[in-house]
Amino acid sequence: MRPEIPLTTRDVVGVDLTHTRYADEVAYAKGGGSGSGGGSGGGGGGTVSFAPYTSGPATASAGYNITIEFKGSWTQAYYDIFVKSADYLTSLIIGELQDVTVYGGKGGPKTVDDILITAELGAIDGLYGILGQAGPTAVRTSNSLPATATMKFDIADVDAMGLEAFADVVLHEMAHSLGFGSIWDRLGLVTNGLYTGQNALREFLAMGGTGNGIPVEQDGGSGTAGSHWDEETFNNELMTGYINDGSNPFSAMSAASFADLGYVINPNYASLAEPYMYA
Ligand SMILES: [Ca+2]
Ligand SMILES: [Ca+2]
Ligand SMILES: [Ca+2]
Ligand SMILES: [Ca+2]
Ligand SMILES: [Zn+2]
């Protein structure tokens, strides 16, 4: 289940920051998936092959683009969830990044503008247990921003959790793939369990938070600790380590954190975020 780690090159450093998610970190839809109707292949419709999708401006050099390559068993509904998350994140992140050349995949060297995500739905270990793995597989040497990432999910869990929960999981994991939590250490954004990036911190203070940093998850082991907002503090915020039953809003604090990573983000990021107040 280990993703292929791209070779380190002049442009990128191969990394293994993959976030393994377990089924018990996600509240599954009661009585099975909302789209499964009791059968396999939830989400409605048959399995289809999809061409790669690129979100963001049509002119590649005009801003941030996310390209997704789809492997494995996809339905239109699952594809649509990935497209929606990618479209959302390219409305939030607007700044063009330097193209990079990556090696190690099939078909020889590839030019990446601005991130290439390999998305796969397939069999892992059946219902429950491992839900999936996601995260950057190569980051730019120049600024640590991810150039390639992988998002792989166990089709048995995806079919069972329902489309609403899966949409939350996909946006959460795509945010990791773009660097949320996964490059914080590399950028020195966490000190003594507190996230100190100024943009997200400003939003934390604006909603009534206090102190000089945002509480970061310390529990749950590697893959959860150190790379999420603290569950006890932030409860159903999407970028905590556990997806709650019901709504999981992506807050202005999470949106602003992408500026701390070094992305140029939409000045209207707060209006793109979902309403959220903690405590
Ligand atoms: Ca671009
Ligand atoms: Ca580019
Ligand atoms: Ca599983
Ligand atoms: Ca949560
Ligand atoms: Zn996570």
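Residues numbered from 1 in each chain as written. Chains lettered and ligands numbered in written order. Predicted model: local features only at pLDDT ≥ 70, side-chain atom pairs only at ≥ 80, totals over all residues. Heavy atoms only, no water.

Engineer: Explain helix α1 (residues 76-92) here, please?
Structural biologist: Taking 1.5 Å of rise per residue, the 17 residues of α1 would be expected to cover 24 Å, and the 24 Å separating its terminal C-alpha atoms lies within 8% of that figure. For α1, the complete set of buried residues consists of A77, Y78, Y79, I81, F82, V83, S85, A86, Y88, L89, T90 and L92. (Helix = DSSP H or I, 4+ residues; strand = E, 2+ residues; numbered from the N terminus. Expected span 1.5 Å × (residues − 1). Buried < 20%, exposed > 50% of the residue type's maximum accessible area, 1.4 Å probe, protein only.)

Engineer: For this particular structure, what's the right way to read the sheet that holds strand β12 (residues 214-215)?
Structural biologist: In sheet architecture, strand pairing relies on hydrogen bonds along the backbone and comes in two forms, parallel and antiparallel. Strand order in this open sheet of three strands is β10-β11-β12, and the pairing throughout is antiparallel. Unpaired on one side and paired on the other, β10 (190-191) and β12 mark the two borders of the sheet. Two strands pair when backbone bridges link them, and β10 and strand β11 (residues 194-195) are joined in this way by two bridges, in the antiparallel orientation. Considered in β11, the bridge of T191 is made with L194. (Pairing = 2+ DSSP bridges.)

Engineer: I'm lost on the coordination of the calcium ion (ligand 1) in this one. Help?
Structural biologist: Each pair of donors in an ideal octahedron of six around a metal sits at 90 or 180 degrees, and each pair in an ideal tetrahedron of four sits at 109.5 degrees. Listed as protein donors to the calcium ion (ligand 1) are A60 (O), G63 (O), N65 (OD1), E96 (OE), D113 (OD), D113 (OD) and D114 (OD); their distances from the metal cover 2.2 to 2.6 Å. Mapped onto the polypeptide sequence, the residues donating to the calcium ion (ligand 1) form the spacing pattern A-x2-G-x1-N-x30-E-x16-D-D. Between the two metals, the calcium ion (ligand 1) and the calcium ion (ligand 2), the spacing is 3.9 Å, and E96 donates to both. Of this pair, G63 sits in the loop between β3 (53-55) and β4 (66-72) while D113 sits in the loop between β6 (110-112) and β7 (115-122); the two residues are 50 residues apart in sequence, bridging distant segments of the chain. Residue class for G63 comes out buried when judged on its relative accessible area of 1%. (Donors = N, O, S within 2.8 Å, 3.2 Å for Na, K, Ca; no water.)

Engineer: Please explain the pairing of strand β8 (residues 130-140) as it appears in this structure.
Structural biologist: Within β8, 10 of the 11 residues are buried, leaving the element largely enclosed by the surrounding structure. The pairing of strand β1 (residues 12-14) with β8 spans three bridges and is antiparallel. Residue pairing in the sheet places V13 in a bridge with V139 of β8. One ladder, built from seven bridges, connects β8 with strand β9 (residues 146-154); its direction is antiparallel. By the bridge assignment, A138 is partnered in β9 with T148. Hairpin geometry of β8 and β9 is characterised by an intervening segment of five residues between the two adjacent antiparallel strands and by a positive phi of about 70 degrees at S144.

Engineer: What is the right way to read unusual backbone geometry from this model?
Structural biologist: Most peptide bonds take the trans form, and the phi angle of most residues other than glycine is negative. A cis amide bond links D113 with the next residue in sequence, D114, at an omega value of -5 degrees. With respect to the helices and strands, the residue D114 is situated in the loop between β6 and β7. Positive phi, close to 50 degrees, is recorded for N192, a residue that is not glycine. Along the chain, N192 turns up in the loop between β10 and β11.

Engineer: When you look at the layout of surface pockets in this model, what are you seeing that I'm missing?
Structural biologist: Estimates place the volume of the second largest pocket at around 370 Å³. Lining the second largest pocket are 16 residues, and of these K84, A167, D168, L171 and E274 lie nearest its centre. Mapped by element, the contributors of at least two residues to the lining of the second largest pocket are α1 and α3 (163-177). The residue makeup of the lining of the second largest pocket includes at least three contributed by each of domain 1 (12-179) and domain 2 (187-272). (1 Å grid on protein atoms, 1.4 Å probe; cavity = no way out; pocket = protein on both sides within 12 Å on 5 of 7 lines; lining within 4 Å. Points joined across faces, edges and corners; volume = space filled by probe spheres on them. Domains from an automatic or database assignment.)

Engineer: I would appreciate a short explanation of the packing of aromatic side chains in the present structure.
Structural biologist: Two numbers describe a pair of aromatic rings. These are the distance of the centres and the angle of the planes. Inspection of every chain in the model, using the stated rule, returns 24 aromatic pairs. Each ring, one from Y28 and one from Y128, has its centre 5.3 Å from the other, and the planes form 40 degrees; the classification is tilted. One end of the pair, Y28, is in the loop between β2 (19-22) and β3; the other, Y128, is in the loop between β7 and β8, and 100 residues separate them in sequence. Among the residues examined, Y28 registers a relative accessible area of 14% and is labelled buried. Following the ring pairs from residue to residue traces out a cluster consisting of Y64, F180, W184, Y195, F204, W229, F234, F258, Y263 and Y278. (Phe/Tyr/Trp six-rings, centres within 6.5 Å; stacked < 30°, edge-to-face > 60°.)

Engineer: Would you take a moment to explain the pattern of salt bridges for this structure?
Structural biologist: Close approach of charged atoms allows side chains of opposite charge to pair. Under the criterion given, the structure shown has four salt bridges. Where E25 meets R21, a salt bridge forms, and the shortest distance between an N and an O atom there is 3.5 Å. Neither residue differs from the other here; E25 and R21 are each classed as buried. Close ionic contact of R21 with E173 constitutes a salt bridge, the shortest N to O distance being 2.7 Å. In this pair, R21 is assigned in strand β2 and E173 in helix α3, connecting sequence segments 152 residues apart. (Salt bridge = Lys/Arg side-chain N within 4 Å of Asp/Glu carboxyl O.)

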